[in-house]
Amino acid sequence: MTEDKKEELSEDIEQEEHPVETKEAEDVEKFKKEFSELNDKYLRLYADFENYKRLVAKEKEELIKYSNEEIIKELLSVIDHLELALQHSADNEATTALAEGVEMTLKELRTALEKFGLSNIEAQGMPFNPSVHHAMSQIESEEAEENIVVSEFRKGYMLKDRVLRAALVAVSKKPSQKNQTETKEED
């Protein structure tokens, strides 16, 4: 081979090697970019999965905490009926022994339900709270401050920290100006 041919061949080889090197560099950059995108995707997916696990754990805890809610709701009407029976028997002395039995049964039922987190919502004389009281009526009163529960129609109950049944109440309000002027004119 002549010198000229050798030089041409070496030039051709060098020119062919450069495209390969640039192609390899492009491939490396492409793979780096793909890797970065896949890594970001993985990190987001992992974070989503961790959030999902926390949410499921919280829901499971809530489910366990309030698993007795439906049965306790059903038993509230039993408590209401037993209390009503006690109110009606208070007027009749002939049913005193029966009333004592009903009272003991009611006390045991309340004790059992309290073990599972049931508690009364205090209403009478308390400030009206729409999250635990359901106002059925307003009663004009000069003695009571405004928005104070003056009468309780049905007891309310909480199950742990959740309202199971709101108390049905009557709320005080100040007499209207019209009523006050009528009252003054009558005097």
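What you are looking at is a predicted structure, and each value in this text was computed from that prediction instead of being measured. (Residues numbered from 1 in each chain as written. Predicted model: local features only at pLDDT ≥ 70, side-chain atom pairs only at ≥ 80, totals over all residues. Heavy atoms only, no water.)

A. Layout of unusual backbone geometry. With a phi close to 65 degrees, N147 is a non-glycine residue in the positive phi region. One non-glycine residue, K160, adopts positive backbone phi at about 55 degrees. Take K160: it is sitting in the loop between β4 (156-159) and β5 (162-165). Residue K160 is classed as partly exposed on the basis of its relative accessible area, which comes to 38%. (Helix = DSSP H or I, 4+ residues; strand = E, 2+ residues; numbered from the N terminus. Buried < 20%, exposed > 50% of the residue type's maximum accessible area, 1.4 Å probe, protein only.)

B. Layout of the nonpolar core. Of all hydrophobic cores here, the largest spans 15 residues; its most connected members are I72, L76, I79, L113, L118 and L164. Elements supplying a minimum of two residues to this core: α2 (69-89), α3 (96-115) and β4. With near-sequence residues (within four places) excluded, I72 lies in contact with L113, F116, L118, L159 and L164. In this structure, A123, V149, A167 and V169 belong to the second largest nonpolar core, which totals five residues. (Core = buried A, V, L, I, M, F, W, Y, C linked by side-chain atoms within 4.5 Å. Contact = heavy atoms within 4.5 Å.)

C. Spatial organisation of the side chain of S89. Its place among the elements puts S89 in helix α2. The contact partners of S89, leaving out residues within four places of it in the chain, are T95 and A99.

D. View of the sheet that holds strand β2 (residues 133-140). Taken in spatial order, the three strands of this open sheet run β2-β6-β3, and their pairing is mixed. Both edges of this open sheet fall to β2 and β3 (149-154), since each of them pairs with a single strand only. Averaged over all pairs of adjacent strands, the angle between their axes in this sheet comes to 25 degrees, without regard to strand direction. Pairing between β3 and strand β6 (residues 167-173): four bridges, direction antiparallel. For R154, the partnering residue across the bridge sits in β6 and is L168. (Pairing = 2+ DSSP bridges. Axes fitted to C-alpha atoms, helices over the stretch in contact; angles between N-to-C directions.)

E. Broad picture of a nonpolar patch on the surface. Together, Y42, L43 and Y46 make up a nonpolar patch on the protein surface, roughly 340 Å² of accessible area in all. Considering the arrangement of structural elements, one finds Y46 in helix α1 (residues 3-65). With a relative accessible area of 44%, Y46 lands in the partly exposed category. (Patch = residues over 30% accessible without salt bridge, like charges linked within 9 Å, V, L, I, M, F, W, Y side chains within 5 Å. Areas by Shrake-Rupley, 256 points an atom, 1.4 Å probe, with all protein chains shown as cover. Salt bridge = Lys/Arg side-chain N within 4 Å of Asp/Glu carboxyl O.)

F. Representation of the sheet that holds strand β1 (residues 118-121). The strand order across the open sheet formed by three strands is β1-β4-β5, and the pairing between neighbours is antiparallel. The open sheet has two edge strands with one neighbour each: β1 and β5. Each adjacent strand pair in this sheet contributes to an overall mean axis angle of 40 degrees, direction not counted. Bridge count between β1 and β4: four bridges; the pairing is antiparallel. Bridging across to β4, S119 finds its partner in M158. Packing against the sheet, α2 makes contact with β1, β4 and β5, and its axis sits at approximately 50 degrees to β5.

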